[in-house]
Each structure stands twice: as C-alpha cells, then as structure tokens.
Amino acid sequence: MVYAEKQGGSDWRTLMEKLPQMYYDVVFYLVVKNCSPKETARMLNITEENVQVRFTQARQMMRQI
C-alpha cells in the first residue's frame with residue numbers, strides 16, 4: 001500500500017492530490033476510506049481488476065512525482 005512517510009520531500013497525501021482523478025479516486029477509496037477492492041470497484045463502477053491496475057499505476061506515478 002501507500003506509506004504515510006515522506007517521499008522526496010512530500011508526504012503521500014500531497015502526492016496523491018497530484019494524481020489524475022481516475023487514479024486519485026482508487027487510492028482514496030482503498031487507502032483513505034479503507035474500502036476493499038470489491039467495494040472500490042462497485043463505488044467507481046469499474047472491475048476489481050481495473051482497481052488493481054489503477055492502484056499499481058497510481059503508486060508508480062507517485063514514485064515519479
């Protein structure tokens with residue numbers, strides 16, 4: 001998951017806010033709201049597989065920011 005430690009001078013919440021909306025939404029539900037991938041998929045009207053893919057991509061983006 002995303003860790004609440006400093007990364008490159010920014011904390012993870014600041015990095016999260018820089019994500020495109022579709023990635024932000026997935027991270028928000030999984031990390032902030034602590035929803036399961038199944039619940040997140042239902043809330044966003046996407047597949048569970050898509051939740052996992054978007055979360056992985058969001059983490060990669062956050063590492064590069």
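Please read all numbers here as calculations on a predicted model, not as lab measurements.

Another point: the overall build of the protein chain. Counting its secondary structure elements, the protein chain contains four helices and zero strands. Sequence-ordered secondary structure for the protein chain, helices as α and strands as β, is α-α-α-α. The 65 residues of the protein chain split such that 29% are buried. Restricting to contacts in the protein chain with at least 6 residues of sequence separation, those with at least 24 account for 45%. Taken as a whole, the protein chain presents about 4,500 Å² of accessible surface, with 46% of it coming from carbon and sulfur.

The first and last C-alpha atoms of helix H4 (residues 48–64) sit 25 Å apart over 17 residues, in line with the 24 Å expected at 1.5 Å per residue. All buried positions along H4 are accounted for by Val51, Arg54, Phe55, Ala58 and Met62. Buried residues in H4, looked at end-on, bunch into an arc of 105 degrees, giving them a common side. Turned more than 90 degrees away from the buried face of H4 sit Glu49, Arg63 and Gln64, all of them exposed. Buried residues along H4 sit against helix H1 (12–17), helix H2 (21–32) and helix H3 (37–44).

Judged by nonpolar contacts, the single largest core of 14 residues is most densely connected at Met16, Leu19, Val26, Val27, Val51 and Met62. The set of elements that each furnish at least two residues to this core consists of H1, H2 and H4. Once residues within four sequence positions are removed from consideration, valine 27 is found in contact with Met16, Leu19, Val32, Phe55 and Ala58.

Below, the discussion takes up H2. For H2, the set of buried residues is Tyr23, Val26, Val27 and Leu30. When H2 is viewed along its axis, its buried side chains cluster within an angular range of 95 degrees and face the same direction. Packing partners of the buried residues in H2 comprise H1, H3 and H4. Asparagine 34, located one to two residues past H2, shows a positive phi value of around 60 degrees.

Conventions adopted
Residues numbered from 1 in each chain as written. Predicted model: local features only at pLDDT ≥ 70, side-chain atom pairs only at ≥ 80, totals over all residues. Heavy atoms only, no water. Helix = DSSP H or I, 4+ residues; strand = E, 2+ residues; numbered from the N terminus. Buried < 20%, exposed > 50% of the residue type's maximum accessible area, 1.4 Å probe, protein only. Contact = heavy atoms within 4.5 Å. Areas by Shrake-Rupley, 256 points an atom, 1.4 Å probe, with all protein chains shown as cover. Expected span 1.5 Å × (residues − 1). Arc of directions from axis to C-beta. Core = buried A, V, L, I, M, F, W, Y, C linked by side-chain atoms within 4.5 Å.

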